Every structure is written in structure tokens, then in C-alpha cells.
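Take a look at the letters that make up each chain.
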Protein chains: 2
Amino acid sequence: MKIYTIRDVAKLAGVSVTTVSRVLNHRPDVNAATREKVERVMAECNFVGNASARSLKQLDGDVAALILRGRSNIFLSQLAEMMLQFAGETGVSFLLETIDEKADEFQTALRLTHEKRARGFIFVGSRLDGRAQVLRGLEAPLVFATVPARELELPRVASVAVDDRRMGRLAMETLIQAGHRRIAVFGGRRDQGDALAERYLGAREACETAGVPFDESRYVETRFSLSDAYGAARAFFPTRGDTTAVFAMSDLVAMGVIRALKDMGKSVPEDVSVFGFDGIEMGKYFLPSLTTIAQPQEEIARKSVEVLLDMMNGGEGRHVTLPAALIRRESVAAPRK
Amino acid sequence: MKIYTIRDVAKLAGVSVTTVSRVLNHRPDVNAATREKVERVMAECNFVGNASARSLKQLDGDVAALILRGRSNIFLSQLAEMMLQFAGETGVSFLLETIDEKADEFQTALRLTHEKRARGFIFVGSRLDGRAQVLRGLEAPLVFATVPARELELPRVASVAVDDRRMGRLAMETLIQAGHRRIAVFGGRRDQGDALAERYLGAREACETAGVPFDESRYVETRFSLSDAYGAARAFFPTRGDTTAVFAMSDLVAMGVIRALKDMGKSVPEDVSVFGFDGIEMGKYFLPSLTTIAQPQEEIARKSVEVLLDMMNGGEGRHVTLPAALIRRESVAAPRK
DNA sequence: TACAGCTATGGAACCGTTTCCGATACCGTT
DNA sequence: AACGGTATCGGAAACGGTTCCATAGCTGTA
């Protein structure tokens, strides 16, 4: 099966390559009869333009990249997928680059700038620890999705996220108001300037406001996977069995914790309440269903590409804060008397 | 920030573009001193070659594509991710194309053949209904992952899957041996020549062998998502409340069904047993944990790219059958007396 | 009739890289 | 001294599109 080039089509249709190119790009300055003839030929030989050739010539061709670290976090993967979908409805083409745990987003972005001529980036669920200076190296517009990047005041940098601090506070408040006092927090590292650090600060604030001492020794650092969360919970509870509630910073972590509690003979929420974060679909079906903070996933996706596209057209960077919602379900209840 | 081309580097290093290209491609015929000089210049200007230009010139450049339909099926998405990872360890570059529910894999493959010069394809979780003739149009090697494509005897077509029929039979046998007689099957359409049809046939065989009549009216067609499965179960049980077991053809479906049963006041496995399929990680943590058929996800991924690469090097197409494992957990028990 | 203005089309340069084909210099042999 | 062989390098032609610029034909108006 021969692969036809634009030159083949031109020859077969008896026109110049320029004309074929015009037809291909739906330009107005082509005679209707000519257009139809060219289109017929293209259909006959299953012609599809070569993407490399096109993008080689069109250096200004709008290309944007999504940079996602790891595939483990369902919430973030889905977010990226949604962005891809929304982006598909616009003119610019988006490419998704999945990098592994230890890769550097900024290096990746730099590489994509050259390799694929990417002119705009969305970092999904990135971290910010001390990389602001590297950022200056890139002059392409950046959007941080689900990352609180407000404080880094850089010209072409935007962010789209919920108010993680407020939501972390709300989660903790909810547990405190339910009557809990000995509350464990299962989160990630607190020093990387990301959403998790914010949620942590929010949780602390809630304790301080309520006059409940925040117990650092009940902060458990875990990676966001079922097995890690499960393992962390199995290690934690035998020595801290008086804990009556857990604030897990991701629904996946919450589920791992719940399973661990069950395996240790405790029931949720009767013995221990578990509060999640993110609002993934599974949370509704899990037994018990998860009380959680639901992030507006679709809105975050839509807004992120909107803001990036705007910046790529010369707009200013904005920091968008979207509302999240507390969803009360089965996994949180009052502690036992 | 200027984007340097190979010509810029050549000028700065005082050599020809040819030499720079040679350094770039680690060819041996470059003097060590020259190589070092060029490399220093490249490092200084953060040079990264333009991918479009490279692939435009290298028409023989080995590119393969993964075609995945939908993002909803966690098992298949993970499978694709793993393939990408294994592919990364080889020379050829793989690109992942996610298409939506209604798109045609073969049209997509055809397009990628032209647009991106893809020379080999892996269809993950595809269907085969009557498309064999379109297949002949593509002359690139094809691998069907998790699809029983044995019967289509085409020269450059391979498949990697478990023995779905046998596993469907095993699942059903397991339920029958546990004492169940009124068993519902939650699957997809049975007429698309895919893995689901095979599992269905296997389930029927098990019934026939055991002398238990297979009740077609207990076959429930559902899409493989939590919400669809949940809805289907809510619609099914009120009229078929005597059903004591469910064979769900995907773990996600199993979870949706379990939640629905719980919401209807039934407990699993005491009132109804639920059997899953795939062996996703969540199945281990769900409450109750899922009795299921675990597909060797990593092996399927690894073998698929291996077979494709082999075919792209001129090898023959093979049909690989991998062993799956029955995992007994909590969601299946004997029926109530 | 002459000329401006518009439509439809083609020629050819160009995008950044790879690669074929030579060219040069230097080595050891005879 | 002549020569074959090797190591190292450069020139220039691709690859398949897009686009600037030129041109030819046609229309309407002064």
C-alpha cells in the first residue's frame, strides 16, 4: 500500500502542490471545481498529510504539552485525559507526556520545547520545591493544575486549583465537630510546596482554631497508592490504637487505610472514621462510601486549557481558584463513647 | 531563549552540520577531540534536536503505535502504560493514541500510518466484529492485546491474551461448585468477537458440563463502568431476587454490583456471591475483597511489545496464550441454605 | 481602450535533520 | 616513491509539507 505524498496527489489531480496544500488547509482561494477534483483524488488514495513535515515548516504551529508525573494517581490521570479532550475541541494540538517519579518537569518541558516545539505547558499535580528559578528559563506560558502556585509571582505563570488550605481545614473541622480529638493525618511530604502541604496547613489551622492540639506524631507520610497506604496504616495503628479518625489526603489512601483497619478487626466508621480527598468515582461505591472533599475535576481541566490557550494568545497569567465540595457519606461518624 | 539548530551548533563549534549530526547519533567516525568540542557546544546552548525534522527524514524510523479505546477501563489503561514503559527500553518509539468509544481502530491505524509513519500497531482491548477485511488493507504488523484473534488467519497478525473461554468456564465452575445454581452473568455484548464473548461461551460450557441450565434471562448486558454496572444491578435484582451469585466480567462491574446489592439491603457474600475478572489492584482492598480471575497484566504488556517488535523485524505473527490465575478472596462463598 | 483590482493558480524557497558521496590527510607496505 | 586503506570530515540532496511571491485571466470602470 503506497503512501501518497502531496506531490503524488498534485500529479494525479493535474494541479500544483500549492493548490493541494490549499485544499488541505481549507483555504478560500481555490475554485470549487478544482477543490472537488483534488478532494476526490485525496479520498481515492487515502491521503493523509505527514505530521512531521507539517510541523517542521510551521514553527509557529501551536503545540502545547501536558506534563503528568506518574500514572498511579487516578485523579490526576483522569484530569489529564479530560484536558486532552477539551483541547481536542480547540485548534492547538496537545501532547501528553508522562514522566516518572524522579524526572524533572522543567527539564522535560525544556526538552519538549526543542524536540516538539511545544509553546505552552500544563503541569498536572506538580511540585514546586525551589524550582522557581529554573522556571525563569522557560519563557513559554505555564499552567499549574491542582497546584497552589499563587505565591510565585512570575509573568507567564498561571494556576488552577481549589483552595487546598481551606479544604484541608474544612476536612479537619468536620472531624472535630463530629467529636474526634485524636486524629491521624495520612499525607505526603510537607515540604514541597504543593497541594498536600497546603492541606496540611489547613488541617493545623482547624486544630488551632478549635483548641485541639495538632499531634505531629500522628502525621503519617505515605505515597499515594493503595498498597503504600495500606502498609502505612498497618504499621501505624498497632501503636496508636486510640486514634479515632483519619484524614487521608487522597481517596486512594483512604481506601487503603480502611482496608487495613478492617484487617485489624476495626470497623469504619464505628471504630475509626476516615476522611478522603479528591472525590474519585470509586469513593461512591466503596464500602463504606467515602466522606471526602470533591475537587471539580472537569472544571479544573476545562479552566486549565482555557487559561493556557489564553496565555498562548498573549493573555496574562491568572490564578484561578475553583470551589470544592464537602461530600458527606458513610466513612465518617461520631466516635464511640 | 533562542532555540538552536544543528546549523547553529555547527557554526559555533567550527565544524559542519554533518559532523554535528554524527555526534548526535553517536557514530564512531568522529575524532574524540571534535566530538568533545561539539558536545560542549551542544550542552552550552541546551541543544535538543527537532523531532519533526528527524522523523521527516528518517522514513524508515521505527515508530509503533498503541491504540486504546476509551480511558474508562483501568485494566486496559494500565496495560497500555506498561507497554509504553517496556517499549521505552527498546529502540523504537511508541506513541499512545486514545480513541473514543465510537471511533474505528483501523481507520485510526491507517491515519497514523500516514500522519506519523507508524509501522506497527498494538490494539489493546479491541473488538473484532467483521472488520477482518479492513485489516487486510493495513500491511503493518498488528498485535491484539487481550483479544482472542486466533481464528483470523492473517499473515502479519498476532495476539496476546489469556484463554478467556477457559477462564470464563473456571469462574462459572467455581460458583457452581460452591453450590450456586441461579447465577447471573454481567457482561458486555456477546456478538463482537472479543474476550467477553469468549468468557460468555466458557460460562455456558461450565453450565452444560455441570448439568446446570444456563439461564439466558439472567444475562445482563452492561458497559464496563461503575455507574453502569450499579444501575444494571439495581434494575436487575428487584425482579430476580432469587439469584444467589453473579459472575461479573470485570472487577469494576463486580464492585458496582456489590455496592448495588448493599444498597438493596443484601450482603456479599452471605446473600449473593460476586465473582470478578481482571485482577485489578483495587479488588484486593475493596470490601469485600474480590474473588476474581487475575490476568497477568505485566506479562501481557511485555509479550505484546515483544511480539510486535519481532514482527517489525520480519518475524512471523504468533498467537500467545498466557496463563491466568483464579484468586479466591471474600466476595464468593456458598449460598445460604 | 487602458488600467486597476480580484480570483485562481503555480514556482520555488524553506523548515532542521539525515545520509549519500566524495574529498582530504595520514598511515604503513612494497 | 607510489599506492591501498583507514579515519575524519564536508557538500549537497533529499524528506513532505507550507508559504511568499509572481503571473495569468477576467471583470468593471473611467
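In this report, the structure presented in the accompanying data block is examined. The shown structure was predicted, so the numbers you read here are calculated from the model rather than taken from an experiment.

1. Some details on the overall build of chain A
Part 1 of the argument: For chain A, the count of helices and strands is 13 helices and twelve strands.
Part 2 of the argument: Reported as C-alpha extents along the three principal axes, the dimensions of chain A are approximately 90 × 40 × 30 Å.
Part 3 of the argument: Across the 337 residues in chain A, those meeting the buried criterion constitute 54%.
Part 4 of the argument: The contacts in chain A between residues at least 6 apart in sequence include a share of 69% that link residues at least 24 apart.
Part 5 of the argument: By element, 49% of the accessible surface of chain A is carried by carbon and sulfur atoms, the whole surface being about 14600 Å².
Part 6 of the argument: Seen as two clouds, the 46 positive and the 44 negative side-chain charges of chain A have centres 2 Å apart.

2. As for the sheet that holds strand 7 (residues 219–221) of chain B
All names here are of chain B.
Part 1 of the argument: Pairing in this open sheet of four strands is parallel, and the strands run 7-6-8-9 from one edge to the other. Strand pairing shows two members of the sheet lacking a second neighbour, strand 7 and strand 9 (273–275), which therefore form its edges. Mean inter-strand twist for the sheet, computed between neighbouring axes without regard to direction, equals 20°.
Part 2 of the argument: This element, helix 10 (residues 226–236), spans strand 6 (183–187) and strand 7 of the sheet and lies at about 150° to strand 6.
Part 3 of the argument: Packing of helix 11 (residues 251–263) onto the sheet brings it into contact with strand 6, strand 8 (245–248) and strand 9, and relative to strand 9 it is tilted by some 165°.

3. Quick notes on the packing of aromatic side chains
Part 1 of the argument: Counted according to the given criterion, the structure contains 21 aromatic pairs over all chains.
Part 2 of the argument: Considering the side-chain rings of Tyr200(B) and Phe214(B), the 5.8 Å spacing of their centres and the 80° angle between planes classify their relative orientation as edge-to-face. Within this pair, whereas Tyr200(B) is found in helix 9 (residues 195–210), its partner Phe214(B) is found in the loop between helix 9 and strand 7, the two being separated by 14 residues in sequence.
Part 3 of the argument: Take Tyr200(B): its relative accessible area is 10%, and that puts it in the buried class.
Part 4 of the argument: Residue Phe214(B) is classed as buried on the basis of its relative accessible area of 15%.
Part 5 of the argument: The interplanar angle of 90° and the centroid separation of 5.1 Å between the aromatic rings of Phe236(B) and Phe237(B) together place this pair among those described as edge-to-face. For the pair shown, Phe236(B) and Phe237(B) are each scored as buried.
Part 6 of the argument: Through a chain of ring-to-ring contacts, three or more aromatic side chains come together here, namely Phe106(A), Phe121(A), Phe123(A) and Phe144(A).
Part 7 of the argument: Above the plane of the ring of Tyr200(A) lies Arg190(A), whose end atom (NZ or CZ) is 5.0 Å from the centre.
Part 8 of the argument: Above the face of the Phe277(A) ring, Arg199(A) is positioned so that its terminal group lies 3.8 Å from the ring centre.

4. A short note on the pairing of strand 11 (residues 319–322) of chain B
Residues and elements named next belong to chain B.
Part 1 of the argument: Because side chains alternate across strand 11, one face comprises the buried residues Val320 and Leu322, and the other comprises His319 and Thr321, none of which is buried.
Part 2 of the argument: Where strand 5 (residues 157–162) lies against strand 11, four bridges are found, and the strand directions are parallel. Across the sheet, the residue bridging to Ser159 is His319, located in strand 11.

5. Points about the relation of the copies chain A and chain B
Part 1 of the argument: Once chain A has been moved 0.0 Å along the axis and rotated by 180°, it coincides with chain B to within an RMSD of 0.1 Å. In the structure described here, the two chain copies are related by an operation that fits a two-fold rotation axis. For chain A, the minimum C-alpha distance to the rotation axis belongs to Ser52(A) and amounts to 2.2 Å.
Part 2 of the argument: When you check the interface residues of chain A against chain B, 100% turn up at the interface there too, and the contact is symmetric in its surfaces.

6. Notes on the interface of chain A and chain B
Part 1 of the argument: If you look at the interface, chain A gives 41 residues, while chain B gives 42 residues.
Part 2 of the argument: Both faces considered, chain A and chain B share a buried interface measuring about 4100 Å² in area, 63% of it formed by carbon and sulfur atoms.
Part 3 of the argument: Applying the counting criterion to the chain A and chain B interface returns two salt bridges.
Part 4 of the argument: Between Arg259(B) and Glu330(A) there is a salt bridge whose closest N-O contact spans 2.6 Å.
Part 5 of the argument: One can count ten residue pairs in polar contact (both at pLDDT 80 or more) joining chain A with chain B.
Part 6 of the argument: At six residues, helix 11 (residues 251–263) of chain A tops the list of elements feeding residues into the side of chain A that touches chain B.
Part 7 of the argument: Across the side of chain A that touches chain B, the residue classes tally to 17 nonpolar, twelve polar and twelve charged.

7. Observations regarding the sheet that holds strand 3 (residues 121–124) of chain A
Residue and element names in this part refer to chain A.
Part 1 of the argument: Spatial ordering of the open sheet is given by 2-1-3-4-5-11, a layout of six strands whose pairing is parallel. Strand pairing shows two members of the sheet lacking a second neighbour, strand 2 (93–99) and strand 11 (319–322), which therefore form its edges. With strand direction ignored, the average angle separating the axes of adjacent strands in the sheet is 15°.
Part 2 of the argument: Bridging between strand 3 and strand 4 (residues 142–145) involves four bridges; their strand directions are parallel. Following the sheet pairing, Ile122 is matched in strand 4 by Val143.
Part 3 of the argument: Contacts between helix 5 (residues 74–88) and the sheet are confined to strand 1 (63–69), strand 2, strand 3 and strand 4, with strand 1 contributing the most and set at about 170° to the helix.

Rules used throughout
Residues numbered from 1 in each chain as written. Chains lettered and ligands numbered in written order. Predicted model: local features only at pLDDT ≥ 70, side-chain atom pairs only at ≥ 80, totals over all residues. Heavy atoms only, no water. Helix = DSSP H or I, 4+ residues; strand = E, 2+ residues; numbered from the N terminus. Buried < 20%, exposed > 50% of the residue type's maximum accessible area, 1.4 Å probe, protein only. Contact = heavy atoms within 4.5 Å. Areas by Shrake-Rupley, 256 points an atom, 1.4 Å probe, with all protein chains shown as cover. Lys, Arg positive; Asp, Glu negative; His and termini not counted. Charge placed at Lys NZ, Arg CZ, Asp CG, Glu CD. Pairing = 2+ DSSP bridges. Axes fitted to C-alpha atoms, helices over the stretch in contact; angles between N-to-C directions. Phe/Tyr/Trp six-rings, centres within 6.5 Å; stacked < 30°, edge-to-face > 60°. Lys NZ or Arg CZ within 6 Å of the ring centre and 35° of its normal. Least-squares fit on C-alpha atoms with pLDDT ≥ 70 in both. Buried area = accessible area lost by both parts, 1.4 Å probe. Salt bridge = Lys/Arg side-chain N within 4 Å of Asp/Glu carboxyl O. Polar contact = N/O pair within 3.5 Å; in protein donor to acceptor, adjacent residues only side chain to side chain. Nonpolar A, V, L, I, M, F, W, Y, C, P; charged D, E, K, R; others polar.

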